[in-house]
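Close look at the chain arrangement
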Amino acid sequence: MKKRLISLLTAVLVIVQSLPITAAGKYYASKELPTVTENDLKYTKFTTDGLKKYIEEIESLLEIDANHDVLPLFGKCMDSYDEITNSYVLAKLTYDRNASKENGNNLDFALMQYSECTSLLSEIIYDIYDSNSRYVLEEIFGSAEDALLWALPEDEEIDKLIEKELELSNRYSEVCSNSDAAADLFLELLAVRKEIAKKYGYTSYSDYADECIYYRNLTIGSIEEFSQAVVDYICPLLYDGL
């Protein structure tokens, strides 16, 4: 009971984090906090195939006409990102609740798709920024410059750090049952993530992840308010189930 409640609460909080509003609508757009059920939290496999198709169309259109309206297509790119991000989160939650081989394979696949998706989307953001269609980025992100902050910088060192982070994350998942090996890998992973955050101009990885990965806009006050709500409303449910 306790494990089910914690997993459900965590998943709901992750899914309702708002991504930039897209022109084509959003995956889970109708899933508001009270309506998300445990059934909605089942892992669904998504690939980057659709995203690649939309990006190819955008590149072709911009090559023909630099002033072409690519906003609807870019909205679909963001929808694909939304789908793959949620898929990765749900795969991780599923694995955390049941560390079976099948769930582990699903998590590895979802992580690879998420990494590839982020890289592809970053590249098209830079392409649009260098075109006459910057208004597309302004429509989605508020400003073209904010879009660049979201995207991965065109930096070979950053690319290597991100590849290293993915490698360490995969290895950590494989050895998490071995406390000593997992501890060493976790410390190494923390160091790499700290370097990534510094490259993006953040003092900590948590600050970077909050803004650039999870789109959170939390203050110390809102965190304390949420923590108190957990104590007041969730903890009694957990104790009742013991």
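Only a predicted model underlies this, so the values are computations on that prediction, with no experimental measurement involved.

This next bit is on the overall build of the protein. Counting its secondary structure elements, the protein contains 10 helices and 0 strands. The helix and strand sequence of the protein, counted from the amino end, reads α-α-α-α-α-α-α-α-α-α. The buried share of the protein, reckoned over its 242 residues, is 37%. Nonlocal contacts in the protein, meaning residues at least 24 apart in sequence, comprise 69% of its contacts between residues at least 6 apart. Surface exposure of the protein reaches about 14,000 Å², of which carbon and sulfur atoms provide 52%.

Attention now moves to a negative patch on the surface. There is a patch of like negative charges on the surface, built from Glu56, Glu57, Glu59, Glu63, Glu123, Asp127, Asp130, Asp159 and Glu163. If you tally residues by element for the negative patch, the top one is helix α2 (residues 49-64), at 4 residues. Mapped onto the secondary structure, glutamate 57 falls in helix α2.

Time to look at the pattern of salt bridges. Within this structure, the stated rule accounts for 6 salt bridges. One salt bridge in this structure joins glutamate 165 and arginine 193, with 2.9 Å as the shortest N-O distance. In this pair, glutamate 165 is assigned in helix α7 (residues 156-175) and arginine 193 in helix α8 (residues 179-199), connecting sequence segments 28 residues apart.

Note that an α-helix has 3.6 residues per turn; residues three or four places apart therefore point the same way. The end-to-end C-alpha distance of α2 is 23 Å, a good match for the 22 Å that 16 residues give at a rise of 1.5 Å each. Looking only at α2, the buried set comprises Leu51, Ile55, Ile58 and Leu62. Looking straight down α2, one finds that the buried residues subtend no more than 60° of arc, so they occupy a single side. Residues Asp49, Glu56, Glu63 and Ile64 are exposed on α2 and point more than 90 degrees away from its buried face. Packed against the buried residues of α2 are α3 (71-97) and α4 (101-129).

Further remarks concern the packing of α7 against α8. Running from N to C, α7 and α8 cross one another at 155°; their axes reach a closest spacing of 9 Å. Considered as vectors, α7 and α8 are oriented roughly antiparallel to each other. Where α7 crosses over α8, the handedness of that crossing is left-handed. Note on element contacts: α8 touches α7 through Ala181, Ala182, Leu185, Phe186, Glu188, Leu189, Val192, Arg193, Glu195, Ile196 and Lys199, opposite Glu157, Ile158, Leu161, Ile162, Lys164, Glu165, Leu168, Ser169, Arg171, Tyr172 and Val175. Residue composition of the contact of α7 with α8, grouped by class: 13 nonpolar, 1 polar and 8 charged.

Procedures and definitions
Residues numbered from 1 in each chain as written. Predicted model: local features only at pLDDT ≥ 70, side-chain atom pairs only at ≥ 80, totals over all residues. Heavy atoms only, no water. Helix = DSSP H or I, 4+ residues; strand = E, 2+ residues; numbered from the N terminus. Buried < 20%, exposed > 50% of the residue type's maximum accessible area, 1.4 Å probe, protein only. Contact = heavy atoms within 4.5 Å. Areas by Shrake-Rupley, 256 points an atom, 1.4 Å probe, with all protein chains shown as cover. Patch = residues over 30% accessible without salt bridge, like charges linked within 9 Å, V, L, I, M, F, W, Y side chains within 5 Å. Salt bridge = Lys/Arg side-chain N within 4 Å of Asp/Glu carboxyl O. Lys, Arg positive; Asp, Glu negative; His and termini not counted. Charge placed at Lys NZ, Arg CZ, Asp CG, Glu CD. Expected span 1.5 Å × (residues − 1). Arc of directions from axis to C-beta. Axes fitted to C-alpha atoms, helices over the stretch in contact; angles between N-to-C directions. Parallel < 35°, antiparallel > 145°, perpendicular 65-115°, else oblique. Left-handed = near helix turned anticlockwise from the far one by under 90°. Nonpolar A, V, L, I, M, F, W, Y, C, P; charged D, E, K, R; others polar.

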